[in-house]
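Letter by letter, the chains look like this.
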Amino acid sequence: MRLCRYDDDRLGVVRGKMVHDVTEAQTQIRAAAPYAMKGDAVIAALPAWRSRLEEMAAKAPGKPVSQVKLLSPVARPSKLVAAPTNYKAHIEEMAARAAAQNVKPSPAIGTAGLFLKANSSLVGPSEGVAIRFPERRNEHEVELAIIFGKQGSDIPREKALDYVIGYTIGLDMTARGPEDRSFRKSIDTYSVLGPWLVTADEIPDPDNVPLEISVNGEVKQNSNTNQLIYDCRKLIEWGSTFYTFYPGDVLYTGTPEGVSPVKPGDTMLARVDPIGEMTVSVRAHRASG
Ligand code: MN
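Residues numbered from 1 in each chain as written. Predicted model: local features only at pLDDT ≥ 70, side-chain atom pairs only at ≥ 80, totals over all residues. Heavy atoms only, no water.

Participant: How would you sum up the coordination of the manganese ion? Please name residues and give values.
Facilitator: Around the manganese ion, the protein contributes the donor atoms E141 (OE), E143 (OE) and D172 (OD), which lie 2.0 to 2.1 Å from the metal centre. Ordering the donors of the manganese ion by residue number gives the pattern E-x1-E-x28-D. The buried category is assigned to E143, whose relative accessible area is 0%. (Donors = N, O, S within 2.8 Å, 3.2 Å for Na, K, Ca; no water. Buried < 20%, exposed > 50% of the residue type's maximum accessible area, 1.4 Å probe, protein only.)

Participant: Run through the packing of aromatic side chains, naming residues and quoting values.
Facilitator: Summed over the entire model, instances satisfying the criterion amount to four aromatic pairs. Here F148 and F245 contribute two aromatic rings whose centre-to-centre distance is 4.0 Å and whose plane-to-plane angle is 5 degrees, an arrangement assigned as stacked. Linking F148 in strand β11 (residues 142-148) with F245 in the loop between α6 (232-242) and β17 (250-252), this pair joins segments that are 97 residues apart in sequence. Judged by its relative accessible area of 0%, F148 falls in the buried class. (Phe/Tyr/Trp six-rings, centres within 6.5 Å; stacked < 30°, edge-to-face > 60°. Helix = DSSP H or I, 4+ residues; strand = E, 2+ residues; numbered from the N terminus.)

Participant: How would you summarise the domain arrangement of the protein if you had to cite specific residues and measurements?
Facilitator: Along its sequence, the protein is organised into domain 1 (2-67) and domain 2 (80-284). Here domain 1 and domain 2 have C-alpha centroids that lie 25 Å from each other. If you look at the interface, domain 1 gives 13 residues, while domain 2 gives 16 residues. Around 1,100 Å² of area is buried between domain 1 and domain 2 when both sides are counted, 62% of it from carbon and sulfur atoms. Viewed at the interface, domain 2 and domain 1 are joined by two salt bridges. (Domains from an automatic or database assignment. Contact = heavy atoms within 4.5 Å. Buried area = accessible area lost by both parts, 1.4 Å probe. Salt bridge = Lys/Arg side-chain N within 4 Å of Asp/Glu carboxyl O.)

Participant: Requested: an account of the nonpolar core, with residues and values cited.
Facilitator: By size, the foremost hydrophobic cluster in this structure holds 55 residues, and its most contacted members are V129, I146, Y167, L171, I236, M268 and I275. Domain assignment of the residues forming this core places at least three in each of domain 1 (2-67) and domain 2 (80-284). What V129 contacts, discounting residues up to four positions off in sequence, is M173, T189, Y190, V192, M268, V280, S281, V282 and R283. The next biggest cluster of nonpolar side chains, apart from the first, holds 19 residues, and it includes M1, L11, I29 and I165. (Core = buried A, V, L, I, M, F, W, Y, C linked by side-chain atoms within 4.5 Å.)

Participant: So what's going on with the packing of helix α1 (residues 23-32) against helix α2 (residues 41-59)? Which residues, and what values?
Facilitator: Running from N to C, α1 and α2 point in directions that differ by 145 degrees, and their axes come no closer than 10 Å. Remark: the crossing between α1 and α2 carries right-handed chirality. For the pair α1 and α2, contact is made by E24, A25, Q26, Q28, I29 and R30 and by A41, V42, A45, W49, R52, L53 and M56, respectively. Of the residues belonging to the contact of α1 with α2, the class tally is eight nonpolar, two polar and three charged. (Axes fitted to C-alpha atoms, helices over the stretch in contact; angles between N-to-C directions. Left-handed = near helix turned anticlockwise from the far one by under 90°. Nonpolar A, V, L, I, M, F, W, Y, C, P; charged D, E, K, R; others polar.)

Participant: Quick one: what's the story with the pattern of salt bridges, residue by residue and with numbers?
Facilitator: Where charged atoms from two side chains of opposite charge approach closely, those side chains can pair. By the definition in use, this model includes 25 salt bridges. Between R10 and D21 there is a salt bridge; the shortest N-O distance is 2.7 Å. Residue R10 is located in strand β2 (residues 10-15), and its partner D21 is located in strand β3 (residues 18-21); the two are separated by eleven residues in the primary sequence. With its nearest N and O atoms 2.5 Å apart, the salt bridge here joins R176 to E139. Here R176, found in the loop between β13 (174-175) and α5 (181-184), pairs with E139, found in strand β10 (residues 138-139); they are 37 residues apart in sequence, far enough to count as distant. Overall, the relative accessible area of 0% leaves E139 in the buried class. Through salt bridges with shared partners, a single ionic network connects R97, K117, R137, E139, E141, D172, R176 and K185.

The structure is reproduced here in structure tokens:
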């Protein structure tokens, strides 16, 4: 099943090129959710609601996906966790840059650890990316994003995928610079998720998923999660020794080689075949001049 949030915070089931409105379910789920719960109530309720959502979608009139404003498929994750330096070829390209600038290269993930992106940086594809520091190098990082469906801590590798409700495409937008990753990668709009959540049953092996992004029609990154250093199960196992994951939490799995700068006016097209594709525009945060 493909689930999106769209327009003015509506919930939709995507079938083919159409979105079917199931917002009534979202309203009921949210109304019944305790305030003190951690995580996203709608994501937490998906297993129990799935067949009803399918029935509601079958009766709801469709609206073309191309005519809706796509928001992040998760409204309220308790956190966005991200893997740095998790593809060998990306580590090599960043090491070459570091050498040219005479600075220390970043170590691979086992030494670098994970990092957090602020929830307030999260947007959907139709909201676009607003560049705040045009004097810096602002780059796209296309990634497979894991969405957790239930609470888990110290999750063993062999059970890792039991905690995953689905996947979506993640853009870990980055302003390059000397500061901590969390500072530079948490700028408003610098965490994009979309175009929708694809439930885990449609992607039995997240460690063999092709991912691609082009900027203004030119392919920049084109790889596969089979190149991950820490694969999806390992990221979940390792991450959950530090953090309890809650329903709706997001794990950006890392970016392959080919990261490149974007500027206001650019259009990014990210594609992950088993999920779909999303167009994301880049604009300036402040009007120039
Ligand atoms: Mn990244």
